[in-house]
Amino acid sequence: MITYPSCKINIGLHILFKRNDGFHEIETIMQEIPLRDMLEIIPAPDGKFRFSSGGLPVPGDASKNLVVKAWKLMHARYSVPAVHMHLHKIIPMGAGLGGGSSDAAFALKMLNELFSLGLDDEKLEHLAAELGSDCAFFIKGKTQLSTGRGELLSELSSDHLLPLYIQLIRPEVHIPTAQAYAGIACDNNRPALRSFWGKSPEEWKSVFKNDFETKIFEHHPLLAKIKEDFYKNGALYAAMSGSGSAVYGIFQKRPPKPEKTEGYFWEGRIF
């Protein structure tokens, strides 16, 4: 069985306050986009679990990959047998696009189908939330308001985005999570993102702010320049996704490709 895990951009990312459990309370709109990895899972003919990967290099211990953790979770809860898994990475890592979270969520969905477990979306979302804050989003994908630490989700209409294009650049910049949160200014006194969602993207700039940008752009001015260049090229809205380092621009019509791009580049329709 083969599937194609998607990724997401954050449209607005408000960090409201630090919770007693050490996490931050957030509010963000996550929008699925059709930049995809490839994941194959088959029952292990030899009864031994195996994981392999190709495409973009996947650093670190393979046993800590979220796809492997997804299988281990399903094996522990539902006695899912051994499988062979191959992940072909196309979505850049460390970009704020949730590629690893998506891989894990799609693995849960595949294992559910492959072994006829009959788990509904709600149950799969609870399982995905155990693997990471963004994982639950990818069970349904599309457009969702995300609150809590990212695991509380509600679906939003996205009809007004259907004709739009997106360009995305991920330069070779690594932003540790600790650096992203360092000195972050929490603000729990802003209009709710949901109340502005139906407006045109040209009107988003005054409300839809990524709170990580202020400090991260100070340390990495290249990211600020990419955002500025998107606006110069006619973007309706531009922002950094998550805690970076991918920056995207949303356009009314297909824009020309930038003459020079810094690192990874992708473009397409939002849907």
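Structure: above.
Now for a quick tour of the structure. What you see is a predicted model; the values in this text were computed from it and never measured.

Basis of the calculations
- Residues numbered from 1 in each chain as written.
- Predicted model: local features only at pLDDT ≥ 70, side-chain atom pairs only at ≥ 80, totals over all residues.
- Heavy atoms only, no water.
- Helix = DSSP H or I, 4+ residues; strand = E, 2+ residues; numbered from the N terminus.
- Rg over C-alpha atoms; globule rule 2.2 N^0.38 Å.
- Buried < 20%, exposed > 50% of the residue type's maximum accessible area, 1.4 Å probe, protein only.
- Contact = heavy atoms within 4.5 Å.
- Areas by Shrake-Rupley, 256 points an atom, 1.4 Å probe, with all protein chains shown as cover.
- Lys, Arg positive; Asp, Glu negative; His and termini not counted.
- Charge placed at Lys NZ, Arg CZ, Asp CG, Glu CD.
- Expected span 1.5 Å × (residues − 1).
- Polar contact = N/O pair within 3.5 Å; in protein donor to acceptor, adjacent residues only side chain to side chain.
- 1 Å grid on protein atoms, 1.4 Å probe; cavity = no way out; pocket = protein on both sides within 12 Å on 5 of 7 lines; lining within 4 Å.
- Points joined across faces, edges and corners; volume = space filled by probe spheres on them.
- Nonpolar A, V, L, I, M, F, W, Y, C, P; charged D, E, K, R; others polar.
- Disulfide = S-S within 2.5 Å.
- Pairing = 2+ DSSP bridges.
- Axes fitted to C-alpha atoms, helices over the stretch in contact; angles between N-to-C directions.
- Salt bridge = Lys/Arg side-chain N within 4 Å of Asp/Glu carboxyl O.

### So, the overall build of the protein
For step 1, the next point in the chain: When helices and strands are tallied, the protein shows 7 helices and 12 strands.
For step 2, the next point in the chain: A globule of 271 residues ought to have a C-alpha radius of gyration of about 18 Å, and the protein, at 19 Å, matches this closely.
For step 3, the next point in the chain: Counting the 271 residues in the protein, one finds 51% classified as buried.
For step 4, the next point in the chain: By sequence separation, contacts in the protein at least 24 residues apart represent 74% of the contacts at least 6 residues apart.
For step 5, the next point in the chain: Counting only carbon and sulfur atoms, one obtains 51% of the accessible surface of the protein, whose full area is about 12400 Å².
For step 6, the next point in the chain: Averaging the coordinates of the 31 positive side-chain charges in the protein and doing the same for the 31 negative ones gives two points 3 Å apart.

### Here we look at helix α1 (residues 66-78)
For step 1, the next point in the chain: With 13 residues, α1 should cover 18 Å at 1.5 Å per step; its first-to-last C-alpha distance of 18 Å lies within 8% of that length.
For step 2, the next point in the chain: Among all positions in α1, only Val67, Val68, Ala70, Trp71, Leu73 and Met74 are buried.
For step 3, the next point in the chain: In this fold, the buried residues of α1 make contact with β4 (38-43), β5 (50-55), β6 (83-89), α2 (99-114) and α3 (121-131).
For step 4, the next point in the chain: A distance of 2.9 Å separates the backbone nitrogen of Val67 from a side-chain oxygen at the start of α1, and that oxygen is part of Asn65.
For step 5, the next point in the chain: Directly after α1, the chain includes Ser79, whose backbone phi takes a positive value near 55°.

### With respect to the layout of surface pockets
For step 1, the next point in the chain: Estimated volume of the second largest pocket: approximately 200 Å³.
For step 2, the next point in the chain: In terms of lining, the second largest pocket is formed by Ile169, Leu222, Lys225, Ile226, Asp229, Phe230, Asn233, Pro258, Glu259, Lys260 and Glu262.
For step 3, the next point in the chain: With 5 residues, helix α7 (residues 221-232) is the largest single contributor of residues to the lining of the second largest pocket.
For step 4, the next point in the chain: By residue class, the composition of the lining of the second largest pocket is 5 nonpolar, 1 polar and 5 charged.

### Concerning the state of the cysteines
For step 1, the next point in the chain: Within this structure, the stated rule accounts for 0 disulfides.
For step 2, the next point in the chain: You can see Cys135 has no disulfide; the closest cysteine sulfur is in Cys7, sitting 14 Å from it.

### Structural notes on the sheet that holds strand β3 (residues 24-33)
For step 1, the next point in the chain: With antiparallel pairing, 4 strands are arranged side by side in an open sheet as β2-β3-β7-β8. Looking at the sheet topology across the chains shown, the edges are occupied by β2 (7-18) and β8 (152-155). Strand-to-strand twist in this sheet, taken as the mean axis angle between neighbours without regard to direction, amounts to 15°.
For step 2, the next point in the chain: Bridge count for β3 against strand β7 (residues 143-148) is 6 bridges, and the pairing is antiparallel. Across the sheet, the residue bridging to Thr28 is Ser146, located in β7.

### Topic: the sheet that holds strand β11 (residues 247-251)
For step 1, the next point in the chain: The 4 strands lie next to each other as β10-β11-β9-β12, forming an open sheet whose pairing is antiparallel. Two strands in the sheet have a free side with no partner beyond their single neighbour: β10 (237-240) and β12 (264-269). Ignoring strand direction, the axes of neighbouring strands in this sheet form an average angle of 15°.
For step 2, the next point in the chain: Alignment of strand β9 (residues 165-170) against β12, held across 6 bridges, turns out to be antiparallel. The residue of β12 that forms the bridge with Gln167 is Glu267.

### Thoughts on α3
For step 1, the next point in the chain: Within α3, burial applies to Leu124, Glu125, Leu127, Ala128, Ala129 and Leu131.
For step 2, the next point in the chain: Residues of α3 that are buried in the fold lie against α1, α2, α4 (137-140) and β8.

### Here's the deal with the pattern of salt bridges
For step 1, the next point in the chain: What the rule picks out here adds up to 16 salt bridges.
For step 2, the next point in the chain: Residues Lys89 and Asp37 are paired through a salt bridge, measuring 2.6 Å at the closest nitrogen-oxygen approach. Linking Lys89 in strand β6 with Asp37 in the loop between β3 and β4, this pair joins segments that are 52 residues apart in sequence.
For step 3, the next point in the chain: Judged by relative accessible area, Lys89 falls into the buried class, the value being 4%.
For step 4, the next point in the chain: You can call Asp37 buried: its relative accessible area is 0%.
For step 5, the next point in the chain: Residue Asp211 is joined to Arg190 by a salt bridge in which the shortest nitrogen-to-oxygen separation is 2.7 Å. Separated by 21 residues along the polypeptide, Asp211 in the loop between α5 (177-181) and α6 (213-219) and Arg190 in the loop between α5 and α6 bring together distant segments of the chain.
For step 6, the next point in the chain: Ionic contacts of the salt-bridge type, sharing partners, join the residues Arg19, Asp21 and Glu25 into one network.

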